[in-house]
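Geometric and topological summary
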Amino acid sequence: MEQISQWLWKQEYWLPPGISWEDMEKMEGSRRPLPRDLLLALPLALGFIMLRYAFERRVAFPLSRVLGVKDQVRLKVTPAPHLEAFYTKNSRQPTQNEITSLVNQCNLTQRQVETWFRNRRNQDRPSNSKKFCEASWRFVFYLVAFTAGFASLINTPWFWEQRECWRGYPQQPVQDVHYWYYMLELGFYWSLLLCVSVDVKRKDFKEQIIHHFATIFLLGFSYCSNYIRVGTLVMLVHDSSDFLLESAKMFNYAGWKKTCDSLFVIFAAVFLVTRLVVFPSKIIYTTLVLSMEMFEPFMGYYFFNALLLVLQVLHIYWAYLILRMIYKFLFLGKLDKDERSDVESEPEEEEYEEEEEHEEDQCSWRKRKVVLDSRLAMLSSSCVLNNLTNQKADANRRLPKAR
């Protein structure tokens, strides 16, 4: 165990050439980063989970009723032991061959089995109230984190000049406010990772998991290596747009479409500027290029920048989804529900909504057909009347000649 610990904490992995752990211990100031400080993030994560539980029930849920969040009435499926056993043990979406086998077992038609599974999946979908409460919790944290982080960094030299992130490294004492900024952010992302099994599963579920792991490793490594100055900038850039997205989700679940669309446009502008312009041009450029003015490359340099590039790839992916929604907004005049669900809905919801839309399309086609038939009937009747009128007029004109 001791050999593993010595191998893990070799200074060649964590620190630039010519810098040792002893140099870190010589740091002047009230606080210096220690790896054992990261253990505080786990009890903080549990505290966030309990605080979230109380917040969602005492604050978010009553707020959802005030804003008018409504949950869809979902049909309960009829008891079917064979279908329920297959649903829970095998698959939520059976193949065509499996449906045929279930039809023989349950003495039901194929349409009845397909409807049962669709309603059963719909029954397990999270309600709008649950999604509203989850978005409210994240909105509150991101807003508080961004406000507090911005207030703590606005007067620091590295906020305005990124070269200051490396000046005097590694003898850079950690201020208490930045220490707690790190620990609270780290604890919050641990809480998101611990709650991933009970949270609403969205289409970008895998990307979110990668993002959470990359963020946790990034924060942990940067804290141990005393890259805290650049780490605070990374957290601030991310928090600047996240609370706008969560607020747009809240109003979307409440049915305030105009407010939701306005907030989403603001979020899209902030996201594209901070994640595609500021993050690569300021943060990644600082760690990839400016840091080389102070020391030579080492293993931690490559690891840290690799994590930042992983985040940047995720930013490009999400930016693609956002730009696609903006395209729909500009050329269709609204943000379609399906497009918005690219960022905020689970895979099962997509299939149900497509089926629901298909039924709505069929219903609307029937309505249009009825209207079209009625108009054709009116048109034909008017044509008949016009013909009779014209024939009568011709007869009246010919009558004097006949006399």
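Owing to the predicted nature of the structure, the values given are computational and were not obtained by experimental measurement.

1. Brief notes about the environment of P157
Take P157: it is sitting in helix 9 (residues 157–160). Spatially, the C-alpha atoms of P157 and R229 are 9.9 Å apart, while their sequence positions differ by 72 residues.

2. Focus on the confidence of the model for the chain
Any segment with low pLDDT has predicted coordinates that should not be analysed in fine detail. Of the residues in the chain, 80% have a pLDDT of 70 or more, and the chain-wide mean is 80. Considering only residues more than four positions removed or in separate chains, one finds that residues 337–365, a stretch of pLDDT under 50, has 53 contacts.

3. Let's talk about the pattern of salt bridges
Pairing between side chains becomes possible if they bear opposite charge and their charged atoms approach one another. Inspection of every chain in the model, using the stated rule, returns 12 salt bridges. When the shortest N-O distance is used, the salt bridge between R120 and E84 registers 3.0 Å. Of the two residues, R120 sits in helix 7 (residues 110–124) while E84 sits in helix 5 (residues 81–89), which places them 36 residues apart along the sequence. Exposure remark for E84: the relative accessible area of 27% places this residue in the partly exposed category. Close ionic contact of E246 with K249 constitutes a salt bridge, the shortest N to O distance being 3.8 Å. One end of the pair, E246, and the other, K249, are both in helix 12 (residues 228–254), three residues apart, so they sit about a helical turn from each other. The structure contains a network of salt bridges with shared partners spanning R52, E56, E134, R138 and D199.

4. Thoughts on unusual backbone geometry
Positioned with a positive phi, N226 is a non-glycine residue whose angle comes to about 60°. The exposure class assigned to N226 is buried, which follows from its relative accessible area of 2%.

So, how was this worked out
- Residues numbered from 1 in each chain as written.
- Predicted model: local features only at pLDDT ≥ 70, side-chain atom pairs only at ≥ 80, totals over all residues.
- Heavy atoms only, no water.
- Helix = DSSP H or I, 4+ residues; strand = E, 2+ residues; numbered from the N terminus.
- pLDDT = per-residue confidence, 0-100.
- Contact = heavy atoms within 4.5 Å.
- Salt bridge = Lys/Arg side-chain N within 4 Å of Asp/Glu carboxyl O.
- Buried < 20%, exposed > 50% of the residue type's maximum accessible area, 1.4 Å probe, protein only.

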